[in-house]
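What follows is the residue order along each chain.
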Amino acid sequence: DYDGPIIHILRHLNIKKAYLLGTRDLLTQKRVFVDRAISFIESKKNVKILSEYIPLEIKDPSVFSDFNLKAIIDKIYQENEGSNFIFNMSSATQQMVAALALDIVVNNRKGEAYQVKHYNPEKGKEPKEAEVNYDFNNLMDNLKDIEPRLVKTNIASFKISKLKTELKATLKVKDYSKLMKMVKEY
């Protein structure tokens, strides 16, 4: 009875294109629902949101080393040079969140990361199943008084920790060319 994370981000942030990653089975099962959800948000905001589905060629989504996110995200960055990037750090598969956070930190991705807080007005009530005939007009998030549940996540704190470790190692071996490269990058 409320937005899922992707829909909530699309509702409250200015997103021109959404890249949706998931297993091939998941994307096949949920595509009609997600397309309807995006259409609903487009009609609410009077905008056009492009979407691209990227199936992860994996069998088990809990094995995050199989995702190969680096290649996928590198390609997205190349195709959208100069764009501002928003990362959805909310997923039912925690390994996906961990893999994405790791990719952002290790590859020094530019962009903002958001989590969407869970909203459940009636504890113990199960959320409705994402059905083809789901009624998007009857969501709690459509109420005027509802605050956005977006939380900007401080991925930079992880980047700083990584940078400190890198700096210490570089200074220890007196690799000044690498040090200058780091200074230019950061």
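All figures in this text were calculated on a predicted structure; none of them were measured in a lab. (Residues numbered from 1 in each chain as written. Predicted model: local features only at pLDDT ≥ 70, side-chain atom pairs only at ≥ 80, totals over all residues. Heavy atoms only, no water.)

Once that is clear, we can look at the environment of Y114. Within the secondary structure, Y114 is located in strand β4 (residues 112-116). Expressed as a C-alpha distance, the spacing of Y114 and I9, which sit 105 residues apart in the sequence, is 8.1 Å. Sequence-distant contacts of Y114, defined by excluding residues within four places in its chain, comprise I9, L13, I86, F87, N88, M89, S90, L150, V151, K152 and T153. In this structure the side chain of Y114 is engaged in a polar contact, spanning 3.3 Å, whose partner is the side chain of E112. (Helix = DSSP H or I, 4+ residues; strand = E, 2+ residues; numbered from the N terminus. Contact = heavy atoms within 4.5 Å. Polar contact = N/O pair within 3.5 Å; in protein donor to acceptor, adjacent residues only side chain to side chain.)

Taking 1.5 Å as the rise per residue, helix α4 (residues 94-106) with 13 residues should run 18 Å; its terminal C-alpha atoms sit 18 Å apart, in good agreement. After α4 finishes, the residue N108 shows a positive phi value of roughly 45°. (Expected span 1.5 Å × (residues − 1).)

To continue, consider the sheet that holds strand β5 (residues 150-153). Strands pair in a sheet through their backbones, by hydrogen bonds, and they do so in one of two ways: parallel or antiparallel. Pairing is mixed in the open sheet, where three strands are placed in the order β3-β4-β5. Strand pairing shows two members of the sheet lacking a second neighbour, β3 (86-88) and β5, which therefore form its edges. When strand polarity is set aside, the average angle formed by the axes of neighbouring strands in this sheet is 35°. Relative to β5, β4 runs antiparallel, the two sharing four bridges. Bridging across to β5, A113 finds its partner in T153. (Pairing = 2+ DSSP bridges. Axes fitted to C-alpha atoms, helices over the stretch in contact; angles between N-to-C directions.)

Across all of its chains, the model carries eight salt bridges by this definition. Where D74 meets K70, a salt bridge forms, and the shortest distance between an N and an O atom there is 2.6 Å. Of this pair, D74 and K70 both sit in helix α3 (residues 69-79), four residues apart, roughly one helical turn. Take D74: its relative accessible area is 23%, and that puts it in the partly exposed class. (Salt bridge = Lys/Arg side-chain N within 4 Å of Asp/Glu carboxyl O. Buried < 20%, exposed > 50% of the residue type's maximum accessible area, 1.4 Å probe, protein only.)

Taking burial as the measure, the seven residues of strand β1 (residues 17-23) include five buried ones, the bulk of the element. In this structure, β1 lies alongside strand β2 (residues 50-56), joined through seven bridges in parallel fashion. Note that in β2 the partner of K17 across the bridge is L50. Where the polypeptide runs from β1 across helix α2 (residues 24-45) and back to β2, its parallel neighbour, the crossover connection is right-handed. (Right-handed = clockwise from strand over helix to strand, strands pointing away.)

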